[in-house]
Amino acid sequence: MSILFSPLRLRSIEFRNRLWVSPMCMYSAVDGVPQEWHHTHLAQFASGGAGLVVAEATGVVPEGRISPRDTGLWNDEQRDAWAPIVQAIHDRGAVAGIQLAHAGRKASTWWPWADARGSVPSAEGGWTTTAPSAIAYDGFDAPIALDTAGIERVVGAFSASARRALDAGFDVLEIHGAHGYLLHQFLSPLSNRRTDDYGGELANRARLLLRVIDAVRAESGDDVPLLVRISATDHAENGFTPEEAAIVGGWAADHGADLVDVSSGGLVAHQRIDVFPGYQVALAETVRQGGRIPVSAVGLITAAEQAERVLEEGAADAIFAGREWLRDPHFALRAAHELGAEIPWPPQYERARWR
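To start, this report covers the structure provided alongside it. Predicted model, so just to flag it, every value in this text is computed and none were measured. (Residues numbered from 1 in each chain as written. Predicted model: local features only at pLDDT ≥ 70, side-chain atom pairs only at ≥ 80, totals over all residues. Heavy atoms only, no water.)

### Here we look at the pattern of salt bridges
Here's step 1: For the coordinates displayed, the defined rule picks out 19 salt bridges.
Here's step 2: Close ionic contact of Arg164 with Asp76 constitutes a salt bridge, the shortest N to O distance being 3.0 Å. Taken as a pair, Arg164 in helix 3 (residues 148-167) and Asp76 in helix 2 (residues 76-91) lie far apart in primary sequence, 88 residues in all.
Here's step 3: Across the pair Arg79 and Asp80 runs a salt bridge, and its minimum N-O distance is 2.8 Å.
Here's step 4: Each of Glu324, Arg327, Asp328, Arg334 and Glu338 takes part in a single network of salt bridges with overlapping partners. (Salt bridge = Lys/Arg side-chain N within 4 Å of Asp/Glu carboxyl O. Helix = DSSP H or I, 4+ residues; strand = E, 2+ residues; numbered from the N terminus.)

### Overview of the packing of helix 7 (residues 242-254) against helix 8 (residues 281-291)
For any two helices packed against each other, the geometry comes down to the angle between their axes and how far apart the axes lie.
Here's step 1: It is the contact of helix 7 with helix 8, at a shortest axis distance of 8 Å, that shows an interaxial angle of 45 degrees. Considering their axes alone, helix 7 and helix 8 lie oblique with respect to each other. Note on packing geometry: the crossing formed by helix 7 with helix 8 is right-handed. Judged by residue contacts, Pro242, Ala245, Ala246, Gly249 and Gly250 of helix 7 engage Leu283, Thr286, Val287, Gly290 and Gly291 from helix 8.
Here's step 2: Each residue belonging to the contact of helix 7 with helix 8 can be placed in one class, and the counts come to five nonpolar, five polar and no charged. (Axes fitted to C-alpha atoms, helices over the stretch in contact; angles between N-to-C directions. Parallel < 35°, antiparallel > 145°, perpendicular 65-115°, else oblique. Left-handed = near helix turned anticlockwise from the far one by under 90°. Contact = heavy atoms within 4.5 Å. Nonpolar A, V, L, I, M, F, W, Y, C, P; charged D, E, K, R; others polar.)

### Topic: the pairing of strand 8 (residues 172-177)
On any regular strand, side chains alternate: one points to one face of the sheet, the next to the other face.
Here's step 1: The element strand 8 is extensively covered by neighbouring structure, given that six of its six residues are classed as buried.
Here's step 2: Side chains Val172, Glu174 and His176 project from strand 8 onto one buried face, and the interleaved Leu173, Ile175 and Gly177 project onto a second face that is buried too.
Here's step 3: Pairing geometry for strand 5 (residues 95-101) and strand 8, over four bridges, is parallel. Bridging across to strand 8, Ile98 finds its partner in Leu173.
Here's step 4: As defined by bridge partners, strand 8 adjoins strand 9 (residues 226-231) across five bridges and the pair is classed as parallel. By the bridge assignment for strand 9, His176 is matched with Arg229. (Buried < 20%, exposed > 50% of the residue type's maximum accessible area, 1.4 Å probe, protein only. Pairing = 2+ DSSP bridges.)

### What to know about helix 8
Here's step 1: Along helix 8, the residues classified as buried are Val281, Leu283, Ala284, Val287 and Gly291. End-on view of helix 8: buried residues confined to an arc of 160 degrees, all on one side of the axis. Away from the buried face of helix 8 by more than 90 degrees, exposed residues Ala282 and Gln289 are located.
Here's step 2: Buried-residue contacts for helix 8 involve helix 7, strand 10 (259-263), strand 11 (295-297) and helix 9 (304-312).
Here's step 3: Backbone geometry just after helix 8 places Arg292 at a positive phi near 60 degrees. (Arc of directions from axis to C-beta.)

### Details of the environment of Ala157
Here's step 1: Among the secondary structure elements, Ala157 is positioned in helix 3.
Here's step 2: Given a relative accessible area of 10%, Ala157 falls into the buried group.
Here's step 3: Considering only alpha carbons, one finds Ala157 and Gly59, 98 residues apart in sequence, at a separation of 9.3 Å.

### Overview of a nonpolar patch on the surface
Here's step 1: Together, Ile273, Val275 and Leu300 give the surface a local cluster of nonpolar side chains, amounting to about 210 Å² of exposed area.
Here's step 2: By the element assignment, Leu300 lies in the loop between strand 11 and helix 9. (Patch = residues over 30% accessible without salt bridge, like charges linked within 9 Å, V, L, I, M, F, W, Y side chains within 5 Å. Areas by Shrake-Rupley, 256 points an atom, 1.4 Å probe, with all protein chains shown as cover.)

### Section: the packing of aromatic side chains
Here's step 1: Applying the stated criterion across every chain yields a total of 10 aromatic pairs.
Here's step 2: For the ring pair Trp82 and Phe170, a centre distance of 5.7 Å and an interplane angle of 65 degrees mean the geometry is edge-to-face. Taken together, the positions of Trp82 in helix 2 and Phe170 in the loop between helix 3 and strand 8 put the pair 88 residues apart, joining distant regions of the chain.
Here's step 3: Look at Trp325 and Phe331: their rings are 5.5 Å apart centre to centre, the planes differ by 75 degrees, and that puts the pair in the edge-to-face class.
Here's step 4: Through successive ring pairs, a cluster of aromatic residues spans Phe15, Trp20 and Phe320.
Here's step 5: Over the face of the ring belonging to Tyr181 we find Lys106, whose NZ or CZ atom lies 4.9 Å from the ring centre. (Phe/Tyr/Trp six-rings, centres within 6.5 Å; stacked < 30°, edge-to-face > 60°. Lys NZ or Arg CZ within 6 Å of the ring centre and 35° of its normal.)

Set out below in structure tokens:
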């Protein structure tokens, strides 16, 4: 019996398997509104057997987008555009999730294939960014430190976007607290130099993340699974550590989170990462053991047996993958075949099931 293709239940949702699609930015939205590209992109993974398909980092406010081409959920037009995409995922048997995000000091940047790099000037559609402290990410414009009122607006924006996501039909919500974006910026002492209740000791640096979890849980009620993505290390001296990540994972569970999606890095340009297949799995295991909460692992997990082994060894409860799904949108169908797991195939694809 394959663990990878066994069901997993979080609150009211049962996932048909534990091989999931990570949120991946497409930089293809118009004024925050997802387009036909997003529909085709996300629905194909459900056809390919994914248990959970999580839509990309979606700005809870316009200034929270990574780039001007990111999706959003700060208005009803965006909500209504997401609804048929969610239905397409459901129609193909997968659970639909969305990652709610605020990029903080890493917002207002050019998309990857633009001719420029760094911050987008206001004359070309960019904006002034915000952060816990007025410290710029290397090569980007300096942000403005959030005041108390600004922090309250951030919490309110996550709550309002959660409501729109649920109204659009999403089954699962993920809070983005990783990759150097706003909530991660508060968690790390490298970017958070505040001296108020949101800076200093870990409990203070985690305060905004926990308040956002509280607000989203209050909006979603008791039935909706709530995931939190964190970077379990900054890969930089004096930064956020795996031990702190495990503590924060436990606090997240106490505040109503159901699973920690464990990634790493993204906070500072001088990070040093040793990248190899499954390079973040040990971080997931640290959070799982110390945080008293289920976790997912991600990071160059590209093969069925590799993913199965991560679960067998107890390092994680589910597997997120990104690039492998882009290379093969039917990754789950292939992985099940390689592991000898019996899973339903779309009847339209049955002729290809056996070699």
